[in-house]
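Architecture at a glance
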There are 4 protein chains.
Amino acid sequence: MAPEWCRLTAMDENSALSRLRALQIETPSWGYGNSGTRFHVYPWPGAARTVQERIADAALVHRLTGCCPTVALHIPWDAVDDYPALKRYAEEHGVGIGAINPNLFGSDEYRLGSICHPDADVRARAVEHCRECIQIAEQVGSPVISLWLADGTNYPGQDDLRDRHARLLEGLQEVYASLPAGMRLLVEYKFFEPGFYSTDLPDWGTAALACRRLGSQAQVLVDTGHHPQGTNVEQIVAVLLAEELLGGFHFNNRKYADDDLIVGSIDPFELFRIMREIARGDTGDVAFMIDQSHNIEGKIDAMIQSVINIQTAYAKALLVDEARLAGAQAEGDVLGAHRIVLAAFETDVRPLLARLRRELGVDEDPVGAFRAGGFAEALAHERGTASVESAYERL
Amino acid sequence: MAPEWCRLTAMDENSALSRLRALQIETPSWGYGNSGTRFHVYPWPGAARTVQERIADAALVHRLTGCCPTVALHIPWDAVDDYPALKRYAEEHGVGIGAINPNLFGSDEYRLGSICHPDADVRARAVEHCRECIQIAEQVGSPVISLWLADGTNYPGQDDLRDRHARLLEGLQEVYASLPAGMRLLVEYKFFEPGFYSTDLPDWGTAALACRRLGSQAQVLVDTGHHPQGTNVEQIVAVLLAEELLGGFHFNNRKYADDDLIVGSIDPFELFRIMREIARGDTGDVAFMIDQSHNIEGKIDAMIQSVINIQTAYAKALLVDEARLAGAQAEGDVLGAHRIVLAAFETDVRPLLARLRRELGVDEDPVGAFRAGGFAEALAHERGTASVESAYERL
Amino acid sequence: MAPEWCRLTAMDENSALSRLRALQIETPSWGYGNSGTRFHVYPWPGAARTVQERIADAALVHRLTGCCPTVALHIPWDAVDDYPALKRYAEEHGVGIGAINPNLFGSDEYRLGSICHPDADVRARAVEHCRECIQIAEQVGSPVISLWLADGTNYPGQDDLRDRHARLLEGLQEVYASLPAGMRLLVEYKFFEPGFYSTDLPDWGTAALACRRLGSQAQVLVDTGHHPQGTNVEQIVAVLLAEELLGGFHFNNRKYADDDLIVGSIDPFELFRIMREIARGDTGDVAFMIDQSHNIEGKIDAMIQSVINIQTAYAKALLVDEARLAGAQAEGDVLGAHRIVLAAFETDVRPLLARLRRELGVDEDPVGAFRAGGFAEALAHERGTASVESAYERL
Amino acid sequence: MAPEWCRLTAMDENSALSRLRALQIETPSWGYGNSGTRFHVYPWPGAARTVQERIADAALVHRLTGCCPTVALHIPWDAVDDYPALKRYAEEHGVGIGAINPNLFGSDEYRLGSICHPDADVRARAVEHCRECIQIAEQVGSPVISLWLADGTNYPGQDDLRDRHARLLEGLQEVYASLPAGMRLLVEYKFFEPGFYSTDLPDWGTAALACRRLGSQAQVLVDTGHHPQGTNVEQIVAVLLAEELLGGFHFNNRKYADDDLIVGSIDPFELFRIMREIARGDTGDVAFMIDQSHNIEGKIDAMIQSVINIQTAYAKALLVDEARLAGAQAEGDVLGAHRIVLAAFETDVRPLLARLRRELGVDEDPVGAFRAGGFAEALAHERGTASVESAYERL
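Residues numbered from 1 in each chain as written. Chains lettered and ligands numbered in written order. Predicted model: local features only at pLDDT ≥ 70, side-chain atom pairs only at ≥ 80, totals over all residues. Heavy atoms only, no water.

This part covers the relation of the copies chain B and chain C. In the superposition of chain B on chain C (RMSD 0.0 Å, axial shift 0.0 Å), the rotation amounts to 180°. On the angle and the small slide along the axis, the relation comes out as a two-fold axis. Across chain B, the rotation axis passes nearest the C-alpha of arginine 38 of chain B, at a separation of 2.1 Å. Interface residue correspondence from chain B to chain C reaches 100%, placing this contact among same-surface, isologous pairings. (Least-squares fit on C-alpha atoms with pLDDT ≥ 70 in both. Contact = heavy atoms within 4.5 Å.)

A separate point is the relation of the copies chain D and chain B. Two copies of a chain can be linked by a rotation about an axis combined with a shift along that same axis. Superposing chain D onto chain B takes a rotation of 180° plus a shift of 0.0 Å along the axis, which leaves an RMSD of 0.0 Å. Interface overlap between copies is the fraction of interface residues in one copy that are interface residues in the other; for chain D against chain B it reaches 100%, indicating a shared surface.

Turning to helix α6 (residues 204–214) of chain D, a few remarks are in order. Burial analysis of α6 of chain D places nine of its 11 residues in the buried class, the great majority of the element. Within α6 of chain D the residues assigned to the buried category are Trp204, Gly205, Thr206, Ala207, Ala208, Leu209, Ala210, Cys211 and Leu214 of chain D. (Buried < 20%, exposed > 50% of the residue type's maximum accessible area, 1.4 Å probe, protein only. Helix = DSSP H or I, 4+ residues; strand = E, 2+ residues; numbered from the N terminus.)

The subject of this paragraph is the pattern of salt bridges. Pairs can form between side chains of opposite charge whenever their charged atoms are close. Scanning all chains against the criterion turns up 120 salt bridges over all chains. Arginine 164 of chain B is the salt-bridge partner of aspartate 200 of chain B, the closest N and O atoms lying 3.0 Å from each other. In this pair, aspartate 200 of chain B sits in the loop between β7 (198–199) and α6 (204–214) while arginine 164 of chain B sits in helix α5 (residues 161–177), placing the two residues 36 residues apart along the sequence. Summarising the burial analysis for this pair, aspartate 200 of chain B and arginine 164 of chain B share the class buried. Glutamate 364 of chain B is the partner of arginine 358 of chain B in a salt bridge, and the nearest nitrogen-oxygen pair spans 2.7 Å. You can call glutamate 364 of chain B partly exposed: its relative accessible area is 21%. Here the salt bridges do not stand alone but share partners, grouping Arg38 of chain A together with Lys190, Glu193, Asp258 and Asp260 of chain D into one network. (Salt bridge = Lys/Arg side-chain N within 4 Å of Asp/Glu carboxyl O.)

Scanning all chains against the criterion turns up 60 aromatic pairs over all chains. Between phenylalanine 269 of chain A and phenylalanine 272 of chain A, the aromatic rings sit 5.8 Å apart at their centres with planes inclined by 10°, giving stacked as the arrangement. Of this pair, phenylalanine 269 of chain A and phenylalanine 272 of chain A both sit in helix α8 (residues 268–279), separated by three residues, roughly a single helical turn. A single burial state applies to phenylalanine 269 of chain A and to phenylalanine 272 of chain A, both of which are buried. Ring plane angle 80° and centroid distance 5.4 Å describe the contact between phenylalanine 39 of chain B and phenylalanine 105 of chain C, whose orientation is recorded as edge-to-face. Pair noted here: phenylalanine 39 of chain B is in the loop between β1 (26–28) and α2 (51–65) and phenylalanine 105 of chain C is in the loop between β3 (96–102) and α4 (120–140), and the two residues belong to different chains. A relative accessible area of 5% places phenylalanine 39 of chain B in the buried class. Here a set of aromatic residues connected by ring pairs shows up, and it is made of Phe191, Phe192, Phe196 and Tyr256 of chain A together with Phe191, Phe192, Phe196 and Tyr256 of chain D. Positioned above the aromatic ring of phenylalanine 345 of chain D, the side-chain terminus of lysine 316 of chain D is 4.4 Å from the ring centre. (Phe/Tyr/Trp six-rings, centres within 6.5 Å; stacked < 30°, edge-to-face > 60°. Lys NZ or Arg CZ within 6 Å of the ring centre and 35° of its normal.)

This next bit is on the confidence of the model for chain A. Here chain A shows a mean pLDDT of 95. Residues at 70 or above account for 95%. For this predicted complex, the interface score ipTM comes out at 0.96, alongside a pTM of 0.97. (pLDDT = per-residue confidence, 0-100.)

Looking at the secondary structure, you find serine 198 of chain B in strand β7. Judged by relative accessible area, serine 198 of chain B falls into the buried class, the value being 2%. The sequence separation of serine 198 of chain B and glutamine 158 of chain B amounts to 40 residues, and the corresponding C-alpha distance is 9.8 Å. When sequence neighbours within four positions are dropped, the list of residues in contact with serine 198 of chain B reads Gly152, Thr153 and Leu161 of chain B together with Asn232 and Gln235 of chain D. A polar contact is formed between the side chain of serine 198 of chain B and the side chain of threonine 153 of chain B, at a distance of 2.7 Å. (Polar contact = N/O pair within 3.5 Å; in protein donor to acceptor, adjacent residues only side chain to side chain.)

Let us now look at the interface of chain D and chain B. Contacts between the two partners involve 53 residues from chain D, matched on the other side by 53 residues from chain B. Taken together, the two surfaces of chain D and chain B that pack against each other cover about 4400 Å², and 56% of this comes from carbon and sulfur. For the interface between chain D and chain B, the tally reads six salt bridges. At the boundary of chain D and chain B, one finds 20 residue pairs in polar contact (both at pLDDT 80 or more). Elements supplying a minimum of two residues to the side of chain D that touches chain B: α5 (161–177), β7 (198–199), α6, α7 (233–242), α8 (268–279), α10 (322–331) and α11 (334–346) of chain D. Per-class residue counts for the side of chain D that touches chain B are 22 nonpolar, 16 polar and 15 charged. (Buried area = accessible area lost by both parts, 1.4 Å probe. Nonpolar A, V, L, I, M, F, W, Y, C, P; charged D, E, K, R; others polar.)

What follows deals with the interface of chain B and chain C. Opposite the 60 residues of chain B that make contact, chain C presents 60 residues. Both sides together, the interface formed by chain B and chain C hides about 5600 Å², and carbon and sulfur atoms give 61% of it. For the pair chain B and chain C, the interface holds six salt bridges. Arginine 38 of chain B serves as the salt-bridge partner of aspartate 258 of chain C, at 2.9 Å between the closest nitrogen and oxygen. Seen at the junction of chain B and chain C, the total is 22 residue pairs in polar contact (both at pLDDT 80 or more). Split by residue class, the side of chain B that touches chain C holds 30 nonpolar, 16 polar and 14 charged.

Next up, the structure:
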C-alpha cells in the first residue's frame, strides 16, 4: 500500500484525464518505411513500401492508441497524382492527413542547398516545390506546412554566411507569400547535419527572428533532437510559448546527435520537463508530431511506444501540484520546489493511462495488443522484406 | 487500482528489500560546508564550519536515513592533531570514517600540478602528502584512499604530455608502494577542470591502465559527473566491473560540465541504468560515495535527497525482470527488451522504500523528517551564517 | 624564397595595414588581478590589487601594443568614491575608461538571481545597481554598459522558466529606460554557469529577441566562450551583423566550457573565421573587448598575447582574396573557395604586424618587450604576492 | 622582409625536410567513390565505380603528391576473385595495397552487431570474414588489418553491456589467433554511430585494454573524428605512444560528430598538435591513413588537399624549437612555452613544402596540378555520373 504522500486523489485523476483525452499526436509516414544510417539500411519484414501502406500503418497506430488521428506526409516521397483520392483513402482508414513536409534535399540539384543555394535557379525551384506542397496541403485539407531545410555548408569559405542568411530570409518570404489564410508555416531548425560546418537554420533564434519577420502564420518547429549537447530544451519551449512562437514539435530522442530514437527512450525526465511547459496551459495550436527513424526495430510497435511515452510524460506533468510548487518557488525553497516536480515524475501513471485507454476503447497496453494481434506477421507475409542498399555500398 | 502488469509481487519486493538493506552510502564531509562556483559562494545559515560539525552533520544524515554509516574526509581541510580522538568523536556520533581524500590542489605550490608537476620537489611533496593520508587512514581505520588529481595544463605547449604521463605513473607507483595490506587506492579520473587544455587523468582508460600497472589494491573511481557530454557512463561501469577494476563511485549529477548537483536530479534514468549494472551482482567491494556541492540550497536535506535518489534508482534496478529480459535480448527483440527495463523504471518504488525505512527504524520521508524536526533552525542558531569571499572578489 | 602564390603584394599589405591601424581592443580591469577556479586561486607576484593598479596595468598594455586605449571596469569591484578623479587618473596614464560592467552575482542576495530573482525586492535592487552603473558611465565618459547576468537555476522545478523570462524582459526594460542618448546597452548571453540547470539568457536568440524589444540602443554581446560545443560562432556573428544586432565581443578561448583562456590559444582558426566576418566590413560600432582569466600565468604578458592574437587573426582575415573567393563561391567550387580562405590563414603575418608596430611606435614583439623591460619584477617588488583562499577552502 | 625572429634557419629546414621525406600517407579506396549522408548521396562526375578505378585514383594522388604509395581496401566493397592480379594491377599503376579493412556492417545479418551480436552464428560469420581478410592481406602483401566494428545498441536494455564486452574480447581473440607473424591488427574505436545508445568499442581505453590482452601484434587505431566534443586527441596519441599501443591513424576532421571532412579543414591547430606528438620521435610503425568522405566536393583534389594538410601540420611540428621549449617547460614558464609552440604554427611552411615537392619531382601545388591537368574532365568523360539513391528515398 502506497504511503499517503504518494497517492493520487480522484480529483487529480479526473482533471488529468480530461487533459489527456485532448492530446492528439501525429505520426509520420516516413517512420513506417525502412530507414537507416549512412552505413546501412537494415530492412524490416513488412515495412511499408508505398504511401498507401504508410497511411494504413498510421491508421493502425490510431486504431490501437485512440490518439493519433492524423499522419504527416513527405513530398515527393508520398507524392501521388490524385490527392483528393489520397485524402479519401486516409479517411476510409480512419485518419486524416496532417502536416505536409516539403523535401529539399533528396534531389541531386540540392548539393549546395535549396533556398540558400548560390544559384538563383535552384533557389527558385526550391521555392516552387514549397508552393506545390502548399497546394497539396489545400487539396488534402492540411493546415500545416512543416519545413525543414537541409541547407548548410561543409567547409569554411565554401559559401558566404551572410549571403546565405539573406537568401534564407528571401526564400522564406516567397514561400510565406503563397500561404492561404489559416495555413501555418512551421519553420524547423537543426544544429547540424547534413551540413557539417554550417547550417543555415541552426537554432531556434534564427527560426524565431525569421518567423517574426514573416508574420503570424509562421511559427517555430522544435525537433527535440536538434540541439547541441547540454541544451535546456524545455526552456526553449517555455520561451517560444511566452513569445507566441511555438508552432509544434517533432518528437524523438537522442543520446549524442540527431539519433531519431523512440521518444523518451534515452531521457524520459527531459520529455517530462518539456511536457510540463505544455501542461502549464495556453498552448493553443501546438502540433504534437513524432519524427523518428526505426533503424533496427519494428516500426509500428516502436511508434506506438513513442505515443505511449508522450502520454506518460504528459500525465506525470499534469500531476504536478502547481499551487504548492508556486509557493515553494516564491519562497526560494530550492529543494522543496524540486521535490514537488520530482514527486509527479515518480508517480506511476500506468494505471491512469490504462483508465484513459479503456475510456477511449483501446487496449490498456497498445504495444501488447499490436504484438498479440498478429499484425506484424500479416504485414510481413503481405509485403515481404525489401533489401536496401546504402550510400556506402554504392562505391 | 493498478493493472496486473504493473504490480509488484511479494517475492519481488522481499528480494529487493534484502538487497536494498545491504546498500550503504558514504557522504562527504565537504558537502556540509559552504561551497560555490568561481563567481561567488553563497553562505548557508548553519553550514558546518569545522570537521567536527561536518561529522555531526553526516551522523545526522545517517540517523535520518539509516544507510549512511560512514563519512569521507578531505585532508588538510579535515586535518586534526589527534586522529584517534577524531575517530572516537565520529563513533560517539554513530558513524565511522570512510575514504580519506588527499588534497593536491589547494596549496599555492600546485599551480602547475602535483605528482605531474615539472618540478621534482613539488612532486615529492605531493607523494609525501599522500603518504600522510595513508597514515591517517590507518589511524582512523579507513580502508580506502580516494585520490583525485587536479593536475593538468591550460595551454598547448605549456608542458610535455608524454613526460607528464610518465610522472603520473611514477607518482602513483610511489604512493601505491606505501599502501598497507588491505587498503585500497581508488584512482579518480576527470574529463576537464581545473586544467582546461589537458588533464593528466582525463578518462577511465588512463585510470585503468595505471591501476593495472599498480596492482590489485588499485582500482578506478567513477565520478558520475566527470565525463564528456553523451558518454554512456553505465557502460564504463559495466566494463570496469567485467575487468574487476571498479573501486567505487562519486555520485552527483550534471547537465553540462562537472556541476556536482544532487544525485539523480537531472537524469534519473541514467542513474537507474548505472545502478542496474550494480544490481546485476558481483560488485564486491564497490564504494558508494556521494560527492557534491550544494551551492544554493541547504546542505543536509539535499544530501538526504541524494541518498534517497540512489536508493530509488537501485530499487527500480532490482525490479527488472532479468529472466524475461535475457530471453528478449537473446531473441534480438529490441523493443521488447527495452520495455522490460522501462517497466522497472516506471514502477513507483516509494511504497517499497517506505517499508525499507520502517524496517530500518527511520521516517518514511527522511527529508520531511529533517525539515519537520527543526534541525536547520537549530544549526543556524548555533553556527550562524559565514560570509565567504570568492576568487573573483579578491581582485 | 616563397613561391609566387604565397607572397603578399604591396597593395594587399598597405590595405591591410590601414584597416589594422583602426582596430582598437579594450582590456578588462579584472584580467589584471588574481583569479582562479572554484578549487583554488594561485596568486601571481605583482598582480594588481586596486582599481588604480588595474588601470595602470591596462595602460602599460596600451603603451606596449599601441592599440588598447581603453579599459573596462567592473562595479563594485572597481568602485570608487570619486569617478571624475578615476577618469583623470586613467587619462594621466594614457587610457580612457571603456565599458562599465555591473556585477549582479557577487552579493549574497543574488543566490537565486538578480533581475530574474523570485523576490521583487531583489529584482529592484538589481535594476538600481544597473542604474548606478549608468551614472558611473556618464561620469567617466563611457558609452557602453556591458551587462552579463549570472541568473539561472540549478534544479528542475526550482523556479518557473516562463516567469523568469518575463522578469528578464521587465528588468531589462527598466534598465534600458534609464539609458541616456548615445549610450549602448550590450546584452551578453552565456550557455551555462553559474546556473547549471537553466540560464536565463542562455543564447544569442534570447538576447536578440530582448534587444529587438528594447530598442536600437540595445545590442548583443558575443563572448566567444559562451556557447555549446560545436557551435559555429562566426555564423552567429554574421547573422547578428546582418540583423544589425552585434554590439561587441568578449574575446577569450576555451576547449570545453567557459575556460576564459588566452584569445586564440586553443583554436586560432576559429578566431580567424570570426575576424573574417568583421573584415567583410560594415561593422559600425562593434566593441572589441577581451574577457579572460589568467589563472596560472602572468597577467600582463598573457593579455598582450591575446591582443596580438586578435591582430594576427584580423590581419590574416584582411588578406583573403575576396574577389576570387566570391567567384569560387558563385561557381559552387567547394574546395576552391575553401582553399582561398585557407591560403590567407596560412600566410605568416608576423612581418606585416611588425611593420604595423613600427609605425605605431611600439616594439615588434610586445610580449618580448614586456619581459625584457623588467616590468614583472618591478611590479612583484612593489606589490608583493597576495595569498588567496578559494571557495573550497572555506569549508 | 620577415623579422629575424620569424625566419627559418637552413639547419631547421634541412632537418625538417629529411623527416618530411619519410612521411608516407595511405589513402582509402572508399574515398574515391560516391558517398553521402543518410539523407542523400550527391553523385560526382567521374567518381570511381570499381576497385580498379579506385586504385587508379589513389595512384594518381601518389603521382601528384609523391608521398601516398599505398591504398587501403575495404572488403567486400573491393573484393575480387584474383587478388594477386589486383596486386599486380596496383603495382603497374605505381602503388601498393595497404591496410585491409573488413566490413562488418553492410550485410543485413549485422543488424544487432557482428562479433558482439547476441547470436553465436552471426558472431562466427563475422570472425570468419575477418579471417578471409587476413588471407587477402597475405595475398596482396599487406601488413595491416584495420578493424572497425559498427557494433552497438540503440536502446537501454536492448542487450547486456557486460555480455557484449565479453563477446567483443572473445571475437577479437579469435581473429588475433589467425594473424600470421608480422601482420598487425589495428583496433579502431568510435564514440558513437551507427549505435546511438551504446557502442561496443567506444573509446581508446576499451581498445587499449583489448590490445593488451591480445598481444603485441594488436595496436590501437586513432580516427581523429571518433571522440566526444572537447577531447584532447593529441594527449591520447601521446599516451598510446608512451604505452607502445599506437598502431595508426585514420585522419579526417569534424566540427560536431564523425563528419569525415578534409583533414585539417576545421581545426588545423589540433592537427598540428597531433603531429607534434609524432614529430617528437620514436613512432615506429605508425600507419598514417586517411579516412574521409567527400560528400559535396570532388574526391581526388580533396584527397590531395588532405595529404597537403597533413604535410603542412607535420612540417610546422618539426619546426618547434624543442630545446627552448623544454627549458621553458622546466621553468614553468607557461606563456613562454606556449609561445614557442605557437611560433612554429604561425610559420608559413609553404615554401618549405614547395622545396620538398621539387625534390620529390612533383608540382609545388598538387591540387593546382590536378585541376590544371584536365584529369577531372577526362574521368567524368570516361566514367560518367552515377545517380545514387539514399536510405531515406527508399521508403
